[in-house]
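# Examining the three-dimensional arrangement
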There are 2 protein chains.
Amino acid sequence: MSSADIMPIALDDGRIRVVIENVQPAVDGGRFPIKRIIGDVVEVFADCFADGHDVVACALLWRRAGDTEWHGTPMQPRGNDRWHADFTVNAIGRWEYTVRAWVDPFLSWQHDFSRRIEVDDVRIAASSGAALIADAARRAGTGSDAALLDAWARELAFATNAAEGADADALKRIGADAARGSIAQRYPDLTHALTCPQIYQVTVERERARFSAWYEFFPRSASDDIRRHGSFADCEAWLPYVKRMGFDVLYFPPIHPIGRSRRKGRNNTLEAGPEDVGSPWAIGAAEGGHDAILPELGTLAEFRSLVQAAASLEIDIAMDIAFQCAPDHPWVTEHPEWFRKRADGSIQYAENPPKKYQDIYPFDFETAQWRELWAALAGVFEFWVGQGVRIFRVDNPHTKAYPFWEWVIARIRAQHPEVIFLSEAFTRPRVMHRLAKAGFSQSYTYYTWRNSKQELTTYFTELTQGPGRDYFRPNVWPNTPDILPAALQYGGRPVFMARAALAATLSANYGIYGPAYELLDAAALRAGGEEYLDSEKFERRVWDRDRADSLVEFFSVLNRARRANAALQRDSGLRFLSVDNEQIIAYAKTSADGSNTVVCVVNLDPHHTQSGWVDLDMQAFGLGPDQSFQLHDVISDAHYLWHGARNYVSLDPQRCPAQIMELRAHLRRENDFDYFL
Amino acid sequence: MSSADIMPIALDDGRIRVVIENVQPAVDGGRFPIKRIIGDVVEVFADCFADGHDVVACALLWRRAGDTEWHGTPMQPRGNDRWHADFTVNAIGRWEYTVRAWVDPFLSWQHDFSRRIEVDDVRIAASSGAALIADAARRAGTGSDAALLDAWARELAFATNAAEGADADALKRIGADAARGSIAQRYPDLTHALTCPQIYQVTVERERARFSAWYEFFPRSASDDIRRHGSFADCEAWLPYVKRMGFDVLYFPPIHPIGRSRRKGRNNTLEAGPEDVGSPWAIGAAEGGHDAILPELGTLAEFRSLVQAAASLEIDIAMDIAFQCAPDHPWVTEHPEWFRKRADGSIQYAENPPKKYQDIYPFDFETAQWRELWAALAGVFEFWVGQGVRIFRVDNPHTKAYPFWEWVIARIRAQHPEVIFLSEAFTRPRVMHRLAKAGFSQSYTYYTWRNSKQELTTYFTELTQGPGRDYFRPNVWPNTPDILPAALQYGGRPVFMARAALAATLSANYGIYGPAYELLDAAALRAGGEEYLDSEKFERRVWDRDRADSLVEFFSVLNRARRANAALQRDSGLRFLSVDNEQIIAYAKTSADGSNTVVCVVNLDPHHTQSGWVDLDMQAFGLGPDQSFQLHDVISDAHYLWHGARNYVSLDPQRCPAQIMELRAHLRRENDFDYFL
């Protein structure tokens, strides 16, 4: 751009007087799509105005991507030059919208005409109006609207030119015809209309992108016998257990052949013994790479069978995609050009000096052969989609180039819009947001380390109301195979329950790494660390699912409550409630249509009963200030009768640290009192 | 755009891993320039980051518009992937800036190298480093930097390949050389650099665009004799009076020939008598139009002489540009195509049915001859710039097309960057903001109707901290010829003083319509209205400047205080102070360098003495919590010794409703106590 370009207006556009500003929702001005779920109503706002007093009209234009025609919905003024309209996305895939605005001569005429008083003014204006209506008739073409408008124009013109002199009242009656006016309005003069040059995009996904409960599980631990490696067949036997707990995504760490070179031993030691199974994230060996299966787990056919069996229980199998190679991955020899080289010519292993991860080779996204690399990586997704997988959890996406993610996700979705991508990036906020913008359906969060009431309140307010609300869908995890947070190590069963209840109700998407979670595994590798002792990342485990203190039933209740309450199936609609006790957090969630409200109260102190007074904004719940209402706690099955804005709660963590209470039909409004007499 | 375009990335860019987001300041993503004043430091921020752990570097690029080369300033990290740099705009005109970022292989190497421990690692890394430094040497070209880097690369390579085996400590010492490293850093590898495609623009104006005191005056009332029409010569005699009050912009309503057809009489009556002078905004008659002067005022030469005389007192003459015509304006017959037609073929006068303004013909900005119209209107500005005018107050810009303003202001500024434009748009917020974005230097505001503490606090917080802060410069007026606000009609002299003091201190740009203001004209045309009785818009007046209650001295003090205190010369740096009395408003303003602070306290109640306690944020003023400090009230010349955060104020409106207090050198800090012993 040079200084000659001081005039950003195309001089052909000098007569376009209308302005469109601040179209919302928009991610980075439309650079990235917003995200929605099938069936959602997309609410669009824009500032539209012109100079002077002429009447402005505007329309929301929307279509499925790929369609050539736009649908148009008239926008309605919402005050202060802000306009609104909406459209419903009734199919998954990509949608588009933008805004068109124009100074409307017919509406301007109509506005003024109704206010005219003097006979001469009315007559002259009627004559102008007849011409404008005739123009609208021409634009209407040949149908019945055209005929009606044409007749109206003639009627007004005839009355204007009446031999006996025009009768102002009659003219005003004819010209002010609201019914015919609204038809004329459908055929506006768009000569000087402005269509916002930015096309805004919507990625529309299936319901599970917004509402899902994940269960992470190592298939190799599916066996009940420590001497026998778990298999897909064993996993099938686990499905009823997962279903009983109510999870709908069963997520497996990588299932590919595991590298033997530099294989890690138990508890992340550098020397693996002959029995050691290694880390599933060290992908690739002589048996194959990212499109192969570790032979001990089974065959591709058995995997497909498992995916089918899960699907019959409405469970998605989510696959882990970790784009890195073990030193014996076939690509290392087939495509050495996809990796960085050290000065001695050897392939650069992962490192964060002085730490070395010599069992892992990262890809070089600056390779001259990046196009081939991208294509190969896209092929991995395509291969597993071909096996029936529809959800991918992507490992460390923040160590791969953003343009690649934007490209590959768009590419997969173009063919398979039902595919869901979860970004496992525990890193800096802007990096996590960029990955979400690039297309990931869901994102890991900092929930894992947010414990206090203040932390949780601030963080979930940001997640649900901050700028990410249109593109960053949180998926919150109280633990992962990499992270056994300090709170779980020291808080006992009450903390496991509280953290699960918070995750399941604060966020519509959540997950646990099990069975470590429901079986209360709290043993850390070392004090002060967050790594599991005897981590399944490096060895097989056998789990005693019959432990008396198992949280299986608790998760059943949590996930049943989520399924029964639309309020818990979306992230918006969250409102924190004031409680006069820092150890008690309380919040309400409401469904989009306002018909379902859930009030959650959690005692964050695992050691002591905590009590306090909860303040509700009665009006926000559609309740009168002095009204009584019922709350049904789905965990304890207790029913509480609350009255007015301020109510008492008390939670014994040894019994249950959480209440998930459905707000029930209003018992009595003040003016319903007669009813009970 | 079609659905095929799901990939917004040019596939040639696949290796550009760095991201630039959220460049600030930016108006509508860079669509419009930000505004600054010569000498300002432009602070630029951006989020820059890449995937993975490689080190990112970025630079602010900036230049005067029209230059082909960019200046580059390295940006510094400010935490959370936010980067900062600044540049100084040392000339008026248009400037440009953008941001470049890249993954820096040398910095990444340097970061890792210092952390390496094992001899083999150090040796291999040193070898890579020698190659990277040699690359930098090549990019450095032929100068001394190139020689130094070349030598460094050789030294490191030689030590790496030493026959006796590389000594890790020696290698680390050589490779970690910070001085030579910072030189290598100057020649980065930009192969995969990203330059933000948006060029951000800055309109840099002269100081008066940010800091000005306007005095609006009807030249035809400049005569001391009601029988004699005022002239430019009379106006010259008024200059010392205006100078004494300290105003630096003397603004005249239109000075062109006034239409005779449909001329308005006194007090806006429809029938003008033969003596009636008409409204100066009914522009054009047989004597000429927008480039002519009303003969009674004088000649073009006399006008130029007045402009010169004012300039010698450092006063700008501001001209009113009202783009509309009286029916006898020459353009009406010369260019009937520039106006809308009614159905009867007559030219459409201004109207807001049923109201008619038959003395005014607006231009039709949708005319097919809009290019000729634009050129003619631009010619009006150019003509008066040719006569020495450098400030234009534009009448009702919101009834002319925005693209025209953007075009014409850019066109005038390209030749005359010293020209200042004031937008007189008292209309809806988004319209006012759009005009400011389109290029107006200053804008009228709602101050005229903001009276209560709550209203003033909210409004000035929005003006100084809201999204308009980079493009909307308020110019606040307690009255105008069109508006005698109710507060002035009923509050007497104390309200005139309070409103003037608020205007002069809350806003760096302010103005009054005088002599009506300083001579306390409070007579309204009718009760409940805001129009002046015997308005100068429709008749000449003679003013008694020697009235005992004149506010001439008060304005002298106000404008002297503004000139003496840098804090009052900008809009940012405003901070409202809490006072426990709703009738007292208090605020502090601080200069950009923090060296000058002014505390203002105004009693908004014109009838009663009001008292209260003012709370200061001591830390924000660089004061200790228990410190004493002096305040000098420039109005009363009183000195107050305040202590700590909470201090008492009391203002008798009959004496003076306002205190403008300079915060003086700190008297004592706690630990300075010895000094006084």
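Everything quoted here is computed from the prediction, not taken from an experiment.

### Structural notes on the sheet that holds strand β6 (residues 76–77) of chain A
- Taken in spatial order, the four strands of this open sheet run β1-β3-β7-β6 (chain A), and their pairing is antiparallel. Looking at which strands have only one partner, the edges of the open sheet turn out to be β1 (19–24) and β6 of chain A.
- One ladder, built from four bridges, connects β1(A) with strand β3 (residues 41–49) of chain A; its direction is antiparallel. In the sheet register, Glu21(A) faces β3(A), and the bridge partner there is Asp47(A).
- Contacts from helix α11 (residues 429–438) of chain B reach β1, β3 and β7 (82–88) of chain A, with the element oriented near 65 degrees to β3(A).

### Some details on the relation of the copies chain B and chain A
- Screw-axis analysis of chain B against chain A gives a translation of 0.0 Å along the axis, an RMSD of 0.0 Å, and a rotation angle of 180 degrees. This pairing of chains is accounted for by a two-fold axis. No C-alpha of chain B lies nearer the rotation axis than that of Gly29(B), which sits 3.8 Å from it.
- When the interface residues of chain B are mapped onto chain A, 100% of them again lie at the interface, so the same face is used by both copies.

### Remarks on helix α13 (residues 486–506) of chain A
- Taking 1.5 Å of rise per residue, 21 residues should cover 30 Å, yet α13(A) covers just 21 Å from first to last C-alpha, more than 12% shy of that figure.
- Where α13(A) bends most, the angle comes to about 135 degrees, and this point is Gly492(A), followed within four residues by the proline Pro494(A).

### Considering the interface of chain B and chain A
- Taken residue by residue, the interface counts 77 residues in chain B and 77 residues in chain A.
- Interface of chain B and chain A: buried area, both sides summed, is about 6700 Å²; carbon and sulfur atoms make up 54% of it.
- Taken together, chain B and chain A are joined by 20 salt bridges.
- Close ionic contact of Asp47(A) with Arg430(B) constitutes a salt bridge, the shortest N to O distance being 2.6 Å.

### Topic: the UniProt feature "site: Transition state stabilizer" (unreviewed entry) in chain A
Residues and elements named next belong to chain A.
- UniProt records the feature "site: Transition state stabilizer" (unreviewed entry) at Asp482, using the numbering of this structure.
- Along the chain, the position of Asp482 falls in the loop between α12 (453–465) and α13.
- By relative accessible area, Asp482 is classed as partly exposed at 32%.
- With sequence-adjacent residues up to four places away left out, Asp482 is seen in contact with Glu424, Glu530, Glu531 and Lys537.

### Observations regarding unusual backbone geometry
- Cis peptide bonds are those with omega within 30 degrees of zero, and the linkage from Gln24(A) to Pro25(A) qualifies with 0 degrees.
- A positive phi angle, near 55 degrees, is found at Asn267(B), a position not held by glycine.
- Examined against the element boundaries, Asn267(B) turns out to sit in the loop between β12 (249–252) and α7 (300–312).
- With a phi angle near 45 degrees, Asn396(B) is a residue other than glycine that sits in the positive phi range.
- Structurally, Asn396(B) is set in the loop between β18 (391–395) and α10 (402–415).

### Looking at the packing of helix α1 (residues 105–113) of chain B against helix α2 (residues 119–140) of chain B
All names here are of chain B.
- Two elements in contact, α1 and α2, have axes whose closest approach is 10 Å; the angle formed by their N-to-C orientations is 155 degrees. Classified by the interaxial angle, the pair formed by α1 and α2 is roughly antiparallel. Crossing geometry of α1 relative to α2 is assigned as left-handed. Within the contact between the two elements, α1 uses Pro105, Phe106, Trp109 and Phe113 and α2 uses Val122, Ala125, Ala126, Ser128, Gly129, Leu132 and Ile133.
- Among the residues forming the contact of α1 with α2, the class breakdown is nine nonpolar, two polar and no charged.

Criteria and thresholds
- Residues numbered from 1 in each chain as written.
- Chains lettered and ligands numbered in written order.
- Predicted model: local features only at pLDDT ≥ 70, side-chain atom pairs only at ≥ 80, totals over all residues.
- Heavy atoms only, no water.
- Pairing = 2+ DSSP bridges.
- Helix = DSSP H or I, 4+ residues; strand = E, 2+ residues; numbered from the N terminus.
- Contact = heavy atoms within 4.5 Å.
- Axes fitted to C-alpha atoms, helices over the stretch in contact; angles between N-to-C directions.
- Least-squares fit on C-alpha atoms with pLDDT ≥ 70 in both.
- Expected span 1.5 Å × (residues − 1).
- Bend = angle between axes of the 7 residues up to and from the residue.
- Buried area = accessible area lost by both parts, 1.4 Å probe.
- Salt bridge = Lys/Arg side-chain N within 4 Å of Asp/Glu carboxyl O.
- UniProt positions renumbered as here; feature names shortened; annotations may be inferred.
- Buried < 20%, exposed > 50% of the residue type's maximum accessible area, 1.4 Å probe, protein only.
- Parallel < 35°, antiparallel > 145°, perpendicular 65-115°, else oblique.
- Left-handed = near helix turned anticlockwise from the far one by under 90°.
- Nonpolar A, V, L, I, M, F, W, Y, C, P; charged D, E, K, R; others polar.

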